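# Observations on the model geometry
Chain residues, written in single-letter form:
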Amino acid sequence: MKIGQKLLLGAAALTLVPLVLTAGLLWQGANEMATQDIVEHTHTQLTALRDIKAQQIRDELDTRLSALKVLARTPSTIDAMKGFKGSFYNAAKELSGTSTDVQRQALARYVESQFNPEFAHRNPGKAPDLSEIVKSLDPNAVALQHQFIAENPNVLGEKQKLVAAPSAFAYNRVHAAAHPGLQQAQKLLGFYDIFLIDTETDQVVYTVFKELDFGSRLDVGIAAKSRLAQAYAQMKNARSRDDLYLSDFEPYLPSYNDQAAFAAVPLFDGDRQVGVLAMQYPIDKITATLNSGRTWGQIGLGRTGDAYLVGPDKLMRTDARDVLVSREDFLSAMGTRLSAEAQSMINHKKSSVGIVNAASHAVDEALSGRNDVSRFVDYRGVPMLGAYGPLNLNGLRWGIVVNLAQEESDAHLVTLKHTTFKRTVVVAAVVLVIAGALMFYFIRRFTSPIRQLHDVVKSVSQGRTNARSRLVDQDEVGELGRAFDALLDERIAQFQKAHAENEQLNNSVITLLQTVFALSNKDLTARADVTEDVIGTLSSSINQLSDETGRTLWQVREIADAVRLASEAVNTQAAQVDSTAQGERQALEH
């Protein structure tokens, strides 16, 4: 693997690993910070909404209760109370043209033909038997219920439209004078009904809505032991005109067992209490205040959030969002958590107030007086994130819960994590591309002179001795290149010098060998060239040897010639001696 590839891989590893670690840590840190911010924001939002809604409920109640106090101090209300008290107890006598029994029978027919069917429509079971209650009504109550309820030409639910009955009697005249103003007050102040109650007889001497509690007594009869009777009892012997009592919600039989709460204030004529003014609280107003007119999403409760009130019995005091949006889906989701009777009640009432037990950790904490935000499983078995706290309202100890499904509250976190992860990956990829490009550029810049040095070495090794790096960079590699070029120049010069010397030496050796060869062929005239190298010394020696050998051979030749001449002389002498000897022998022989 080439050094450039090694550097690129090393740089990539050194860049990629810290980048991945940094990106991962930054993503984790950003997630933790964002998660904390979102959680704190959600908690703050739910807490703020809880506090706002709690204050709005207080303001709603305070407004209506203050209006009730103002109405109690209005002279026309005091006059109406005195007028109704003065005329109520003469009604039977003034309407004696029709017997009390006939009136009671007509009233019983009204109960059977109108009240009971409406009760059955609003409740899962049939209406209770009211015959004994009708029988127990005193003649004045019977006479007035006959005139304003049984013989009222207006349909059920609109009996309040009758200002004056056809008959002429004192109560009718008072009613004709007072009813328009009180009915207008009931509408403007948003009350369900208004009651005037005689504290001397416990008799309800007037109501706007003209239900079966009109004319009844609160110690016995249809409204006895009801929240209205409770509120009245608290104000019957009031100490001050500023006294006020607010009851909790409870089914109220005259209103077809719908949930009803009552507020009562004393009526004073000077320093003397002449009666009690009570109003039936409109339950839908509290729910509407809590959900801002069913605009849950606009107040920060998204698709799954809800705000509701609970009483000490943990039953709802406002309608659940799911009940208002889709009762069928709500009942299906609740399943066995609701009894068959409760499910039927919700279907008939189209309400969860006083029916659904909202028990949960949040409700327990709220009713215990603690304000907090936490995760919990609500009465439907759904994991929720909610803010809760106590809500004390004129003696009522309720709890308020504002919550949002954890799935929805955490959806922002999941979305944020995905978005943050995608952005982290994109940023890391961009950084990696830029870093890669810069790495590639700088590695090429760094390895380019190295490659030049490599190419020079390769060229020199292939015999191109004139190859040089000629690097001009003012760094270590540039200095190395210039040093390498100088080294090459020096080494190649030495090589060339050595080569020349070798050539000369080779030539000298060849010449010497030729000379030796000539000498070996007895050419003693051959001489080797004497050079300045070591061969020159050897040539000089050989030349000297050749010279000495020539001189010696010459001397030998001269000696040989002398020996030859001597030999010839001896031979000549020997021949003469031999000839002499031959002659002497022959002479002897002869």
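Coordinates for the structure precede this section.
Figured I'd write up the structure that's included with this text. (Residues numbered from 1 in each chain as written. Predicted model: local features only at pLDDT ≥ 70, side-chain atom pairs only at ≥ 80, totals over all residues. Heavy atoms only, no water.)

### Here's the deal with the pattern of salt bridges
Going by this rule: Take a side-chain nitrogen of Lys or Arg and a carboxyl oxygen of Asp or Glu: if they are within 4 Å of each other, that pair is a salt bridge. Each helix is a run of H or I in the DSSP string that is no shorter than four residues. Each strand is a run of E no shorter than two, and both are numbered from the N terminus. Burial classification: accessible surface area is computed with a 1.4 Å probe over protein chains only, and a residue below 20% of its type maximum counts as buried, one above 50% as exposed, and the rest as partly exposed.
Inspection of every chain in the model, using the stated rule, returns 22 salt bridges. Ionic pairing is found between Asp 269 and Lys 82, a salt bridge with its closest N-O pair at 3.2 Å. Here the residue Asp 269 occupies a position in strand β5 (residues 258-269), and Lys 82 occupies one in helix α2 (residues 75-88), the gap between them amounting to 187 residues. Residue Asp 269 is classed as partly exposed on the basis of its relative accessible area, which comes to 29%. Assessed through its relative accessible area of 35%, Lys 82 is described here as partly exposed. The network of salt bridges with common partners includes Glu 118, Arg 122, Asp 258 and Lys 349.

### Considering the packing of aromatic side chains
Both the distance between ring centres and the angle between the ring planes are used here to describe each pair of aromatic rings. Counted only if it meets this: Ring pairs are drawn from Phe, Tyr and Trp, using the six-membered ring of Trp, whenever the two centres fall within 6.5 Å, and their geometry is named by plane angle: stacked under 30 degrees, edge-to-face over 60, tilted for the rest.
Using the criterion set out here, one finds 15 aromatic pairs in the structure. Between Phe 115 and Tyr 256 the ring centres are 4.9 Å apart and the planes differ by 25°, which places this aromatic pair in the stacked class. Placement of the pair is Phe 115 in helix α4 (residues 100-122) and Tyr 256 in the loop between β4 (250-252) and β5, with a sequence separation of 141 residues. Each ring, one from Tyr 308 and one from Tyr 379, has its centre 5.8 Å from the other, and the planes form 90°; the classification is edge-to-face. Residue Tyr 308 is found in strand β7 (residues 306-310), and its partner Tyr 379 is found in the loop between β8 (372-377) and β9 (383-393); the two are separated by 71 residues along the sequence. Residues Tyr 308 and Tyr 379 agree in their burial class; the two are buried.

### Things to note about the nonpolar core
Heads up, the rule is: Nine residue types can take part in a nonpolar core, namely buried Ala, Val, Leu, Ile, Met, Phe, Trp, Tyr and Cys, and a core is a set of them joined through side-chain atoms within 4.5 Å. Should any heavy atoms of two residues lie within 4.5 Å, those residues are counted as being in contact.
Among the nonpolar cores identified, the biggest contains 94 residues, and Phe 84, Phe 115, Tyr 171, Leu 196, Ile 197 and Leu 277 are the most heavily contacted of them. Ranked by the residues each element gives to this core, the list is headed by helix α1 (residues 3-73), at 10 residues. Filtering out sequence-adjacent residues up to four positions away, Phe 115 remains in contact with Tyr 110, Leu 130, Leu 212, Leu 253, Pro 254 and Tyr 256. One finds Met 316, Val 356, Met 384 and Ala 405 within the second-largest nonpolar core, a separate group that totals 23 residues.

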